Amino acid sequence: MLTLLELLKDGRFHSGEALGAALGVSRSAVWKQLQHLEAELNLPIHKVRGRGYQLASPLAFLNAEEIAANSGSTVWPVYISDSVDSTNAEALRLVDAGSAAPFLVLAEQQTAGRGRRGRKWVSPYAQNLYYSLVLRIEGGLRQLEGLSLVVGLAVMQALREAGVQRAALKWPNDVLVEDKKIAGILLELVGDPADICHVVLGIGINVNMQKAADVDQQWTSVQLETGSSVDRNHLVARLGLHLQGYLDRHKSLGFSALQEEWEQNHLWQGRAVSLIAGVNQIDGVVLGIDRQGALRLSVDGVEKTYSGGELSLRLRDDS
Ligand code: ATP
C-alpha cells in the first residue's frame, strides 16, 4: 500500500495500467489497493476516466534526513512510524525497552491519539505533526515545574515562525488562534520524579489539515491560517530548535524565568473564566500564573492558585 502511495504522492495523474506495471500487479489489484487507501487512510483520490488516479493533494512524508538537515546541532535520534496508536505510547514503550533519551518519536498517523483525561486527539494521515520528545530527568522536581507551559511557548514560537502570528497560549497547555485550537500538548511521566524519571513531551500540531469531521471543538491549522501548505519536516526541525532553547533556559534558570513571557502570551489574561475540576466549577478572573506555572485567579476578590492535570479552563459567557 505504501508503495502505491509513493507512486501517487506527487499529486499527479497516474493511469491504472502504469501503476499496475510499477507495482507488478493487475489493474484490478491496483483498484482494490486504492479503495483501501481511501478507506483506511482517509485520503481522497480523484478517479478520472481516461486519465487515471490522482491524490486530491500531493503528500510529502516525514523524513529523518530532511529533519536533520534543518536542525543545526539539535539532532535527536528520531523514530518515524507510518502508523502508531499514539506517539506518546510508542515513546513510553521505547523507554521501557531501554532506548536512551533524548529521542524523538514521530508518526504519519495515530490511531488512538491521546488528549488529557482519556480524550482523543484526531490524527489523520500525513497531514499534521504527532511529535513526542523523550527527556531523561535526574533528581529534579524543579525540572518538571511548569514544563508543559514551557513546551507551549516553544510550540507557539514555532507556529508564529511558520506564519501563524496570532498563535497564543491557553492555560495550562493549549495553543489557540483566537478561540480555535491549533495544537495540543500532553506530558506523560514514568519513573520517580524525585529521582530518575523520563518525561514524554507529546505535541500534536494541526499543520495541513483542512477538514476534520470528528473534532468536537473549534480548531484550525497552519494551512488554514496561512493559506499555504507547510513542509512538516522543516516544522519538526524548527520546533526542535525552539524546544531546545526553552528547555535549556528552563533547566538552568527554572520556570520563574519564563513566567512573565508566558503571561504576556496568555490569551485569557484578565478574562472572566470558569475553572472546571470534575463536577466542581470555580468562577474567577485570570490574574496570571505563579513561579511554578500554577494558575492565579481572583475569586471573589481573593487571589487563589490552582494546579494539576485535571483542570480545564473555560471562558465565562459574561467575560
Ligand atoms: P481543556 O480545555 O481541558 O484543555 P481540551 O478540550 O483542550 O480540554 P485536551 O485533552 O487538551 O482537551 O485535547 C482533547 C480535545 O481536543 C478533544 O476532546 C477534542 O475536543 C479536541 N481535539 C481532538 N483532536 C483535535 C485536533 N486535531 N485539533 C484540535 N482539537 C482537537
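Numbers given to residues run from 1 along each chain, matching the order in which its sequence is written. Where local features are concerned, this predicted model is filtered to residues with pLDDT of at least 70; where side-chain atom pairs are given and counted, the filter is 80 or more; whole-chain, interface and lining totals use all residues. Here the side-chain values reflect all heavy atoms present in the structure, with hydrogen atoms and water set aside.

A.B. asks: How would you sum up the UniProt feature "binding site: biotin" (unreviewed entry) in the protein? Please name residues and give values.
C.D. replies: Following the UniProt record, the feature "binding site: biotin" (unreviewed entry) maps to Ser86, Thr87, Asn88, Gln110, Arg114, Gly115, Arg116 and Lys181 here. With respect to the helices and strands, the residue Arg114 is situated in the loop between β4 (103–110) and β5 (129–138). Any two residues whose heavy atoms approach within 4.5 Å at even a single point are treated as in contact. Arg114 has contacts with Ser86, Asn88, Ala89, Leu92, Arg119, Trp121, Leu186 and Glu188, leaving out every residue within four places of it along the chain. Within the element layout of this structure, Arg116 appears in the loop between β4 and β5. Note on classification: 1.4 Å probe, protein chains only; a residue is buried when its accessible area is under 20% of the maximum for its type, exposed when over 50%, partly exposed between these limits. Arg116 sits in the buried class, given a relative accessible area of 17%. When residues no more than four places from it in sequence are discounted, the contact partners of Arg116 are Pro172, Asn173, Leu186, Gly309, Leu311 and Ser312. UniProt positions are given in the numbering used here, feature names are shortened, and annotations may be inferred rather than shown by experiment. Only DSSP runs of H or I reaching four residues or more are called helices, and only runs of E reaching two or more are called strands; each is numbered from the N terminus.

A.B. asks: So what's going on with the packing of helix α7 (residues 147–161) against helix α9 (residues 232–253)? Which residues, and what values?
C.D. replies: Where helices are involved, their axes are fitted lines through C-alpha atoms of the stretch in contact, as for all axes, and angles between N-to-C directions lie from 0 to 180°. Axis separation between α7 and α9 bottoms out at 9 Å; the angle between their running directions is 140°. The pairing of α7 with α9 is recorded here as oblique in orientation. Once α7 is placed against α9, the crossing between them reads as right-handed. Across the interface between the two elements, Leu147, Val150, Val151, Leu153, Ala154, Val155, Gln157, Ala158 and Glu161 of α7 pack against Leu235, Arg238, Leu239, His242, Leu243, Tyr246, Leu247 and His250 of α9. All amino acids are sorted into three groups, where Ala, Val, Leu, Ile, Met, Phe, Trp, Tyr, Cys and Pro are nonpolar, Asp, Glu, Lys and Arg are charged, and the leftover types, Gly among them, are polar. Taken together, the residues that form the contact of α7 with α9 break down as twelve nonpolar, three polar and two charged. Our angle categories are set so that under 35 degrees counts as roughly parallel, over 145 as roughly antiparallel, 65 to 115 as roughly perpendicular, and the remainder as oblique. Here a crossing is called left-handed whenever its near helix is offset anticlockwise from the far helix by less than a right angle, and right-handed whenever the offset is clockwise.

A.B. asks: Could you give me a rundown of the packing of aromatic side chains, with the residues and numbers involved?
C.D. replies: Stacked, tilted and edge-to-face are the three classes assigned to paired rings of Phe, Tyr and Trp, where Trp is represented by its six-membered ring and a pair needs centres within 6.5 Å; plane angles under 30 degrees give stacked, over 60 edge-to-face, the rest tilted. Applying the stated criterion to the full structure yields three aromatic pairs. Arranged with centres 6.4 Å apart and planes meeting at 70°, the rings of Phe61 and Tyr125 form a pair that is edge-to-face. Separated by 64 residues along the polypeptide, Phe61 in the loop between β2 (52–55) and α4 (64–69) and Tyr125 in the loop between β4 and β5 bring together distant segments of the chain. By relative accessible area, which is 14% here, Phe61 ends up buried. For the ring pair Tyr79 and Phe103, a centre distance of 5.4 Å and an interplane angle of 80° mean the geometry is edge-to-face. Taken as a pair, Tyr79 in strand β3 (residues 78–84) and Phe103 in strand β4 lie far apart in primary sequence, 24 residues in all. Classification of Phe103 as buried rests on a relative accessible area of 0%.

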